[in-house]
Amino acid sequence: MSSDVGATTAKRGRPPRYLLSSIAVCGVCGASTRIGSQNAGTRPAGSKEPIQRYRVYECAGSPGGTGFHVSMRQEHLDEIVTDAVLARVSDMDFEIPRTLSGDKDDIERRALRLQIKADYIWLNRVKEEAEKRVQPELLERQEQIVFPKIEAAYNRLDVLENLDPLVRRFRRAESALIVWEGMTLVQHRHVVRTLVIPRIDPVSEEARGQRGPNLDRVKLIWRTHSE
Ligand SMILES: [Zn+2]
């Protein structure tokens, strides 16, 4: 018996099966989305072939309101959001949203960030110098000194900031994709939910009938570090 089974299943009913159901929201009414299915085109007259169907995220509406304002192919939205999240966490300046709110003294954190920036600037200078003199060992020696310092500063920041432990795994990862691929769907959902609210907007007149993921229809509302 494992004690963490409960953490990987939904509170009630079945565990989630899709990345963004109830996470993505409708761009018309703000309601959350659920998984639905749609016909892929219409059956040619006289054909007996079953109509292909595909999965979509669709507006679930709100109590007393209508739904179905927007829908988007599930794989398309998953792809757009996954790509954007991985790009976001791979950014050097990425700051992980805090799990807990309530900010205290910011001075130490600001100092740590400045120190990290200064360390990187220093290493860049050493790199240029090492290249100019064709002495790569110059850079290696400095990196051995400075990298542990940077690492320690980051760890201290993590402690000060109560960072989300799952999202923390991406920080300074060699490859965000490898970290992502090592996670379960429940963890993917947690990471997305911590970082962003994807909003599906209605199809514009000119984009009607267009195939493939339509980035213009997806607005990513990032949760900022200060929230
Ligand atoms: Zn809606």
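Residues numbered from 1 in each chain as written. Predicted model: local features only at pLDDT ≥ 70, side-chain atom pairs only at ≥ 80, totals over all residues.

Draft legend 1. Looking closely at the sheet that holds strand 2 (residues 33–39). With antiparallel pairing, 3 strands are arranged side by side in an open sheet as 2-3-4. Pairing within the sheet leaves two strands with one partner each, and these edge strands are strand 2 and strand 4 (71–73). Strand-to-strand, the axes of this sheet are offset by a mean angle of 40 degrees, without reference to chain direction. The sheet contact formed by strand 3 (residues 53–59) and strand 4 spans 3 bridges and is antiparallel. Across the sheet, the residue bridging to E58 is S71, located in strand 4. Those strands touched by helix 2 (residues 74–90) are strand 2, strand 3 and strand 4, and its axis lies near 80 degrees from that of strand 4. (Pairing = 2+ DSSP bridges. Helix = DSSP H or I, 4+ residues; strand = E, 2+ residues; numbered from the N terminus. Axes fitted to C-alpha atoms, helices over the stretch in contact; angles between N-to-C directions. Contact = placed C-beta atoms within 7 Å.)

Draft legend 2. Region of interest: unusual backbone geometry. The backbone of S22 sits at a positive phi, close to 65 degrees, despite the residue not being glycine. The residue S22 is located in the loop between helix 1 (5–8) and strand 1 (25–26) in this model. With 17 C-beta atoms packed within 10 Å, S22 lands in the partly exposed category. For V134, which is not glycine, the phi torsion reads 55 degrees and is therefore positive. (Buried ≥ 20, exposed ≤ 12 C-beta atoms within 10 Å, placed from the backbone.)

Draft legend 3. Seen up close, the sheet that holds strand 5 (residues 196–200). As summarised here, the arrangement of the 3 strands in space is 1-5-6, forming an open sheet in which the pairing is mixed. For this open sheet the edge positions go to strand 1 and strand 6 (218–222), each flanked by a neighbour on one side alone. As defined by bridge partners, strand 5 adjoins strand 6 across 5 bridges and the pair is classed as antiparallel. For P198, the partnering residue across the bridge sits in strand 6 and is L220. Relative to strand 5, helix 2 is tilted by about 145 degrees, and along the sheet it contacts strand 5 and strand 6.

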